[in-house]
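Overview (structure and organization)
Letter by letter, the chains look like this.
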Amino acid sequence: MNYSPGVLSVLPIFYIGWSDSVLSPSEMQQIRTHIQKAPQLTQEDKLLLISWTDQRNPPDEETFTQWASTIAEHGKSLSISERQNLVELGVKMSSKATSANAENVFQSLEVKASIKQLEQLLGVNNSYSKVSFYNAIFPENKVEINESPAFDSNKLQAELDGPLADLKNRTKQVLKDEIFRVPTDLRDKDKLRLLILDQCRELGNQGFGAYAYPTEHGGNNSTGGSTAIFETLAMGNLSLLIKFGVQYGLFGGAVFQLGTAYHHKTYLEALGKMDLAGCFAMTETGHGSNVRDLETTATYDHESRELIIHSPTQKAGKEYIGNAMHSKMAAVFCQLIVNGENHGIHAVLVPLRDENHEELPGIKVLDNGYKMGLNGVDNGRIWFDNVRVPVKNLLNRYGDVDESGNYSSPIENPSKRFFTMLGALVGGRVSVAMASNTAAKKALDIAINYALKRRQFKTLSDEKETLILDYPTHQERLFPLLAKSYALTFALETLREKFVESAELEDKREVEALAAGLKSYASWHATDTIQECREACGGKGYLAENEIPDLKADTDIFTTFEGDNHVLMQLVAKSVLTEFKQEFNDGGYMAIAKHILKRVTTAWVDTNPIAIRNSNAEHLLSEEFHQQALAFREEKLLFTLSDRMRSFIKKKLNASEIFLRTQTHMIALANANVERFINDEFVKHLAKMEESSEKEALRLMQQIYALDAINRDKGWFLENDFINGDKSKAIRKVLVKCYRTVRPDAAAYTKAFGIPEVLRNAEILKVDEERYLV
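Anyway, here's the lowdown on the structure attached to this text.

Quick notes on the rules
- Residues numbered from 1 in each chain as written.
- Predicted model: local features only at pLDDT ≥ 70, side-chain atom pairs only at ≥ 80, totals over all residues.
- Heavy atoms only, no water.
- Helix = DSSP H or I, 4+ residues; strand = E, 2+ residues; numbered from the N terminus.
- Buried < 20%, exposed > 50% of the residue type's maximum accessible area, 1.4 Å probe, protein only.
- Contact = heavy atoms within 4.5 Å.
- Areas by Shrake-Rupley, 256 points an atom, 1.4 Å probe, with all protein chains shown as cover.
- Expected span 1.5 Å × (residues − 1).
- Arc of directions from axis to C-beta.
- Phe/Tyr/Trp six-rings, centres within 6.5 Å; stacked < 30°, edge-to-face > 60°.
- Lys NZ or Arg CZ within 6 Å of the ring centre and 35° of its normal.
- Salt bridge = Lys/Arg side-chain N within 4 Å of Asp/Glu carboxyl O.
- Pairing = 2+ DSSP bridges.
- Axes fitted to C-alpha atoms, helices over the stretch in contact; angles between N-to-C directions.
- Polar contact = N/O pair within 3.5 Å; in protein donor to acceptor, adjacent residues only side chain to side chain.
- 1 Å grid on protein atoms, 1.4 Å probe; cavity = no way out; pocket = protein on both sides within 12 Å on 5 of 7 lines; lining within 4 Å.
- Points joined across faces, edges and corners; volume = space filled by probe spheres on them.
- Nonpolar A, V, L, I, M, F, W, Y, C, P; charged D, E, K, R; others polar.
- Disulfide = S-S within 2.5 Å.
- Patch = residues over 30% accessible without salt bridge, like charges linked within 9 Å, V, L, I, M, F, W, Y side chains within 5 Å.
- Lys, Arg positive; Asp, Glu negative; His and termini not counted.
- Charge placed at Lys NZ, Arg CZ, Asp CG, Glu CD.
- Parallel < 35°, antiparallel > 145°, perpendicular 65-115°, else oblique.
- Left-handed = near helix turned anticlockwise from the far one by under 90°.
- Core = buried A, V, L, I, M, F, W, Y, C linked by side-chain atoms within 4.5 Å.

**Brief notes about the overall build of the chain**
Summing up its helical and strand segments, the chain has 28 helices and 11 strands in all. Here the chain holds 774 residues, and 56% of them are scored as buried. Restricting to contacts in the chain with at least 6 residues of sequence separation, those with at least 24 account for 74%. On the chain, roughly 33400 Å² of surface is accessible, and the fraction owed to carbon and sulfur atoms is 50%.

Structure (structure tokens):
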């Protein structure tokens, strides 16, 4: 096919445009308008090119093959650098085809600018598209180009690390020390536990254990700093992380948050250095999530001024208690009975062992043995047989027994007292959420960088097999998870801030609900991400030497400890419903009017054909669309759930039956609430940044996160007429284009996680072989 010089000038761009881009009808119209104004094109050229812009009737395979062979034939005499620049390639091809007697207009700046603008309109001005094009057209000269990332990884890391970057860096420096190495082949639980015990003590000696405690007891009075340390420790051995959390966060946190001056003075400094090893004895064999109905009792004996701690049944034994085999003392959660009256759950410090580490009378501790993971943590079961402790061992911030033997509490309502006490321990969920995301980042670092080395099948060249990260399926598997880890980072930073602020608040319900939602979302994210990364690494991902098996085994429990995720998400839904109800109670007629207006607005969006059908890429990538879509889903789920509950109430159903009938609806609302919050926090962070390449890199992550959230729940959005089928397809295609944009900088995105080289112990990252960035 002999194309005119004008057509040749833009042929490479059209070739990529059809093979690599997703364009909406409005964008195609922009391209047609541009073609009409292009100075180098004849009227005949314009008609031909415009005929190639009909997405309902795209160029057939024969035409596409003609384009490729024409470009290859004209490009033979050009240098490699000229072939790699689409504008220069088009100009050289058209100049070569121009008659010697004719004026060569194609070298003019005006023509080059016009071709460059068309390149931008077609969305093919990214390096990955150009490399793919070059490799396909000129396979005999195939090259893989090492280009500098589009952003500075160190600056991006600074955005991720946030205001506690210095403390995180200090924690990394400590973790780099040889004392914190754990041999991959150390699988004997008893030897591993002793190593982890020594490491946990060393962290205490570094001052990390007591970081949240008051300065007068050896701490830094920084709960936020304590969560940053925990978040960063997750880059290392996870048994050490959990042992650290049990000793200093759970046991120490119970003494600090539930105790008073006597307990702080007596125990905090010793336990902050692990001179006093302790455990957090809440969960029982018969009761996990249902803490209110624990069976263990603490009965007050006024004559001796003692509490009698007792496990009335076998299933009342404390189960899966971390640090149980090494502890000298336990913070035991039990029913406090004073003068025959049960005052609900309280915590009591109960000695377990003597100075020779022998169990004290009435104490029975059994080892849980080997587990799926975290075998460096000594989990055990504990029973109490009428064990007596002084009444002063009662952690009495929220409930006490006076000298006369009478119970008193600053919170009169038993239910409110119970939830206030548990709310004081919310730091555990905050920390687990952050550690979950760190573990996901570590898995992504392994899988993405391995995919930049591993090659399979000669799809782009006869000389070299293709990097597996160049396969769209691989990008679709890993890049949404990468974006989710980025998005979670900023949401978790907000959670940390709210957690710190809540220390001064009596009502902690907002931070409790937020911690419950983000802990669930982040731990599910870790589980899903690590599994996907395992599969993405093939057989190599199954080898212990490549860390992923331990990441998988060690984090799997994150979804059920510190609260079962499904139970926690119901707590989130109840919080959203309570807030919704409170708006009505506080707002009177104005609140009702606002509610009706919201319903009308929602209905308008439901039926607005422009909103439903708008498949323009600029619209789909906009923050406004993302926020509108995610807010719409949450609001509609809230309205429909509240309507269903109101209907059931009118039918005289009891509260338990209503809960069972709407449970899955509540989980859907909670997930919508969490994803909307995560996206909002990402957008807020972007708004604070100055324009820069790092902001653009983060914006791309935000776009992928939001569109992926919509795409994963497209069934709901289609059912509720927020989008139509064409828009759903357009979202999927725009996501694919976003993945291609991430591809050249994938390694740089993982580098910004800031994982020290000494903690990147996967052997597949250490193999000395060529490493290509694109």
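**Re helix 14 (residues 261–272)**
Because each turn of an α-helix spans 3.6 residues, side chains separated by three or four positions in sequence point in the same direction. The first and last C-alpha atoms of helix 14 sit 16 Å apart over 12 residues, in line with the 16 Å expected at 1.5 Å per residue. Taken residue by residue, helix 14 has His 263, His 264, Tyr 267, Leu 268, Leu 271 and Gly 272 as its buried positions. The buried residues of helix 14 all sit within an arc of 120° when viewed along its axis, so they share a single face. Next to the buried residues of helix 14 lie helix 11 (189–205), helix 13 (238–258), strand 5 (329–338) and strand 6 (341–351).

**Quick look at the environment of Gly 259**
Note on placement: Gly 259 falls in the loop between helix 13 and helix 14. Residue classification places Gly 259 among the buried residues on the basis of a relative accessible area of 4%. For the pair Gly 259 and Val 348, spaced 89 residues apart in the sequence, the C-alpha separation amounts to 9.4 Å. Gly 259 has contacts with Ala 254, His 264, Leu 395, Asn 396 and Arg 397, leaving out every residue within four places of it along the chain.

**Some thoughts on the packing of aromatic side chains**
Two numbers describe a pair of aromatic rings. These are the distance of the centres and the angle of the planes. Taken as a whole and judged by the stated rule, the model has 18 aromatic pairs. Consider the rings of Phe 479 and Tyr 739, whose centres lie 6.4 Å apart with planes at 65°: the pair is edge-to-face. Placement of the pair is Phe 479 in helix 17 (residues 472–502) and Tyr 739 in helix 27 (residues 725–742), with a sequence separation of 260 residues. Each of the two residues, Phe 479 as well as Tyr 739, counts as buried. Relative to Phe 717, the ring of Trp 716 has its centre 5.2 Å away and its plane inclined at 90°; by these criteria the two rings are edge-to-face. Each member of the pair, Trp 716 as well as Phe 717, is classed as buried. Taken together through their ring pairs, the aromatic side chains of Phe 625, Phe 632, Trp 716, Phe 717 and Phe 722 make up a single cluster. A cation sits over an aromatic face here: Lys 189 above Tyr 370, 5.5 Å from the ring centre. Lying over the aromatic face of Trp 383, Lys 364 brings its terminal NZ or CZ to 5.2 Å of the ring centre.

**Focus: the pattern of salt bridges**
Counted by the stated rule, this structure contains 34 salt bridges. As a salt-bridge pair, Asp 367 and Arg 193 come within 2.7 Å of each other at their nearest N and O atoms. Pair noted here: Asp 367 is in strand 7 (residues 363–367) and Arg 193 is in helix 11, with a separation of 174 residues, a long-range link. The salt bridge partner of Asp 378 is Lys 243, with a shortest N-O separation of 2.6 Å. Taken as a pair, Asp 378 in the loop between strand 7 and strand 8 (380–384) and Lys 243 in helix 13 lie far apart in primary sequence, 135 residues in all.

**A short note on the environment of Glu 579**
Here Glu 579 lies in helix 20 (residues 565–607). Given a relative accessible area of 51%, Glu 579 falls into the exposed group. When the C-alpha positions of Glu 579 and Glu 510 are compared, they lie 9.5 Å apart, and in sequence the two are 69 residues distant.

**Regarding the sheet that holds strand 4 (residues 318–321)**
The strand order 4-8-7 describes an open sheet built from three strands, whose pairing is antiparallel. Strand pairing shows two members of the sheet lacking a second neighbour, strand 4 and strand 7, which therefore form its edges. Between one strand and the next, the sheet's axes are offset by a mean angle of 20°, whatever the strand orientation.

**Concerning the side chain of Arg 496**
Within the element layout of this structure, Arg 496 appears in helix 17. Residue Arg 496 is classed as buried on the basis of its relative accessible area, which comes to 3%. There is a polar contact of 3.0 Å between the side chain of Arg 496 and the side chain of Thr 227.

**Points about empty space enclosed by the protein**
One pass over the structure, following the stated rule, counts five cavities of 30 Å³ or more. Around the largest cavity, the lining residues are Leu 160, Asp 161, Lys 168, Lys 172, Glu 231, Thr 232, Met 235, Thr 438, Lys 441, Thr 489 and Phe 753. Residue assignment for the lining of the largest cavity shows that the elements contributing at least two residues are helix 9 (153–161), helix 10 (165–175), helix 12 (223–233) and helix 16 (427–451). Per-class residue counts for the lining of the largest cavity are three nonpolar, three polar and five charged.

**What to know about the state of the cysteines**
If you walk through the whole model with that rule in mind, you get zero disulfides. Cysteine Cys 533 is unpaired, with the sulfur of Cys 537 as its nearest cysteine sulfur at 6.6 Å.

**Remarks on the pairing of strand 3 (residues 306–310)**
Note: strand 2 (residues 297–301) against strand 3, five bridges, orientation antiparallel. Paired with Ala 298 across the two strands is Ile 309, which belongs to strand 3. Adjacent in sequence and paired antiparallel, strand 2 and strand 3 are bridged by four residues, among which Arg 305 carries a positive phi angle near 55°. Judged from the four bridges that link them, strand 3 and strand 9 (residues 387–390) form a sheet pairing that is antiparallel. Bridge assignment links Glu 306 to a residue of strand 9, and that residue is Pro 390.

**Digging into a positive patch on the surface**
On the surface, a cluster of positive charge is contributed by Lys 714, Lys 729, Arg 732 and Lys 733. Sorting elements by how many residues they give to the positive patch places helix 27 first, with three residues. Tracing the backbone shows Arg 732 in helix 27. For Arg 732, a relative accessible area of 34% translates into the label partly exposed.

**Regarding the side chain of Ser 239**
By the secondary structure assignment, Ser 239 is in helix 13. For Ser 239, the residues in contact, after removing those within four places along its chain, are Ile 196, Leu 374, Asn 375, Gly 376 and Val 377.

**Some words on the packing of helix 16 against helix 18 (residues 509–536)**
In contact at an axis separation of 8 Å, helix 16 and helix 18 are set at 20° when each is read in the N-to-C sense. Judged on the interaxial angle alone, helix 18 and helix 16 are roughly parallel. Considering the relative orientation of helix 16 and helix 18, their crossing is left-handed. Of the residues in helix 18, those touching helix 16 at Arg 429, Val 430, Val 432, Ala 433, Ser 436, Asn 437, Ala 439, Ala 440, Ala 443, Leu 444 and Ala 447 are Ala 515, Leu 518, Lys 519, Ala 522, Ser 523, His 525, Ala 526, Thr 529, Ile 530 and Cys 533. Per-class residue counts for the contact of helix 16 with helix 18 are 14 nonpolar, five polar and two charged.

**A look at the nonpolar core**
Counting residues in each nonpolar core, the largest one holds 170 residues, and the members touching the most others are Leu 482, Tyr 486, Leu 518 and Tyr 749. In terms of nonpolar packing, the next biggest core, distinct from the first, is built from 28 residues, Leu 8, Ile 13, Phe 14 and Leu 118 among them.

**Some remarks on helix 11**
In this model helix 11 runs 24 Å from its N-terminal to its C-terminal C-alpha over 17 residues, within 8% of the 24 Å that 1.5 Å per residue would give. Of all the positions in helix 11, only Lys 189, Leu 192, Arg 193, Ile 196, Leu 197, Gln 199, Cys 200, Leu 203 and Gly 204 are classed as buried. Considering only its buried residues, helix 11 is in contact with helix 10, helix 12, helix 13, helix 14 and strand 7. The backbone nitrogen of Asp 190 has a side-chain oxygen 3.1 Å away, supplied by the residue at the start of helix 11, namely Asp 188. One or two positions beyond helix 11, positive phi appears at Gly 207, with a value near 90°.

That is the geometry; function is a separate question.
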